[in-house]
Amino acid sequence: ILAISLWVAFSHKQYNSGDSLKETIISRCQTFIQNNRTSSAYDCQKIWTVFEQAFVGKDPCNVPTDAYDSLINTIIQDPICNKMLFWSKTKHIVHEFTEKRNCFQTLEDTLLGYIMDGLTWCGKEGSNETFTTGCPSWNDCVNHTVKSFWNRASAAFAEAACGDVSAMLNGSIATPFTPTSIFASIEVKRFNADKMRSLTVFLVTQENDGKSCDDPSLKNLQKELDPKLKYSCVSVAKSSPSH
Ligand code: N1C
């Protein structure tokens, strides 16, 4: 009896976790559509179904980026040229900044990024369930279910980048332009100089200490860019974490 009740409790828990992921995704999708009049053509139920097909029934360490191709194609949004803001190691500051202003758009301000931001999910080989706990950690494997999603979504966002583009980097860490980051390894490599005019880096420093725009890692960033792109860097002092 104990074994049966444990089994019931366990399978119920697993069922619920997948179920609440579905509820979260559909409700975030609906909220976004309500708040952004332009996107009323999206079908949130369809988005969930296409999303699920990317990873359900698969080994959570064996979901390549292209598994999310159909999702990206279903949810594709027109870029807002001259407003796109990329970031690396500044997630908190960047959103504190964009929340108050309408002049920048990060990936999390698009339907796709808004829906998935902060979520964890994975499937399991031979199972049609969705899990939100017990999934591998980000660095456990290359074809990690969630990492592949951000790699794919970030690639699409960067390929669409147009006009004057900005990036907010962290001047309080050893290498503001970190080679292993999504920004360095995926996004910068996909910038298209035929669509883009410039890249402006906002280097966020605390109380004026930390890195400057002369930092060697930023020289590496410049080297990666197409020479046709105008590059500039502005150091921005952030007085205290709460302001
Ligand atoms: O590896 P990063 O930063 O350089 O990635 C940031 C870069 C941004 O420009 C975004 O366009 O890649 C995109 N992106 C997201 O939009 C995003 N939202 C949430 C990448 N990662 C994103 N996350 C989560 O933040 C993701 O789960 C991963 O753990 C971090 C990556 O942040 P980072 O290392 O600071």
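Here the structure is shown first, and the text comes after it.
Residues numbered from 1 in each chain as written. Predicted model: local features only at pLDDT ≥ 70, side-chain atom pairs only at ≥ 80, totals over all residues. Heavy atoms only, no water.

**Regarding unusual backbone geometry**
How we decide: The secondary structure listing takes helices from DSSP runs of H or I that are at least 4 residues long and strands from runs of E that are at least 2 residues long, numbered from the N terminus. Residue exposure (1.4 Å probe, protein chains only): buried if accessible area is under 20% of the type maximum, exposed if over 50%, otherwise partly exposed.
Of note, the phi angle at Asn82 is positive, near 75°, even though the residue is not glycine. Here Asn82 lies in the loop between helix H3 (69–75) and strand S1 (85–88). Exposure remark for Asn82: the relative accessible area of 41% places this residue in the partly exposed category. One non-glycine residue with positive phi stands out, namely Lys89, at about 60°. Mapped onto the elements of the fold, Lys89 is located in the loop between S1 and helix H4 (91–99). Residue classification places Lys89 among the partly exposed residues on the basis of a relative accessible area of 47%.

**A look at the state of the cysteines**
Condition: The disulfide criterion used throughout: a pair of cysteine sulfur atoms within 2.5 Å.
If you walk through the whole model with that rule in mind, you get five disulfides. Between the sulfur atoms of Cys29 and its disulfide partner Cys44 the distance amounts to 2.1 Å. Between Cys29 and Cys44 the disulfide shows an S-S torsion of about -80°. By sign, it is left-handed. Taken together, the residues span a long stretch of sequence, with Cys29 in helix H1 (residues 2–35) and Cys44 in helix H2 (residues 44–53) at a distance of 15 residues. The thiol of Cys103 is unpaired, and the distance to the nearest cysteine sulfur, on Cys81, comes to 16 Å. Owing to a relative accessible area of 38%, Cys103 belongs among the partly exposed residues under this scheme.

**Quick notes on the site of the ligand**
The test is simple: For this purpose, a residue is taken to be near a molecule or strand whenever a single non-hydrogen atom of the residue falls within 4 Å of it. Contacts described as polar in this section are N or O atom pairs within 3.5 Å, which, within protein, must combine one atom able to donate a hydrogen with one able to accept it, while residues neighboring in sequence count only if both atoms come from side chains. Per-residue and other accessible areas follow the Shrake-Rupley method at a 1.4 Å probe size, with only the shown protein chains counted as cover for residues. Each residue gets one label: Ala, Val, Leu, Ile, Met, Phe, Trp, Tyr, Cys and Pro are nonpolar, Asp, Glu, Lys and Arg are charged, and the others, such as Gly, are polar.
Within the structure, the ligand sits among 15 residues, and Ser88, Lys89, Glu108, Ile182 and Glu187 are positioned closest to it. At 2.2 Å, a side-chain N or O of Glu108 approaches an oxygen atom of the ligand. Note that an oxygen atom of the ligand is positioned 3.0 Å from one of the backbone N or O atoms of Phe183. Against a free-state accessible area of 600 Å², the protein chains account for coverage of 86% of the ligand. Listing elements by their share of the shell around the ligand, those giving two or more residues are S1, helix H6 (145–159) and helix H7 (182–190). Of the residues assigned to the shell around the ligand, the class counts are seven nonpolar, three polar and five charged.

**Comments concerning the environment of Thr120**
Stated formally: Pairs of residues are marked as contacts when any of their non-hydrogen atoms sit within 4.5 Å.
Note that Thr120 resides in the loop between helix H5 (111–116) and H6. Measuring from C-alpha to C-alpha, the distance between Thr120 and Glu187 comes to 22 Å, with 67 residues separating the pair along the chain. Contact partners of Thr120, with chain neighbours within four places excluded, come to Leu21, Phe131, Thr132, Cys135 and Val146.

**Some details on the sheet that holds strand S2 (residues 163–170)**
Heads up, the condition is: Two strands qualify as a pair provided DSSP detects at least 2 bridges between them. Where helices are involved, their axes are fitted lines through C-alpha atoms of the stretch in contact, as for all axes, and angles between N-to-C directions lie from 0 to 180°.
Ordered in space as S1-S2-S3-S4, the four strands form an open sheet in which the pairing is parallel. Of all strands in the sheet, those bounded by a partner on one side alone are S1 and strand S4 (230–238). Averaged over all adjacent pairs, the angle separating strand axes in this sheet is 20°, with direction ignored. As paired strands, S1 and S2 are joined by four bridges and run parallel to one another.

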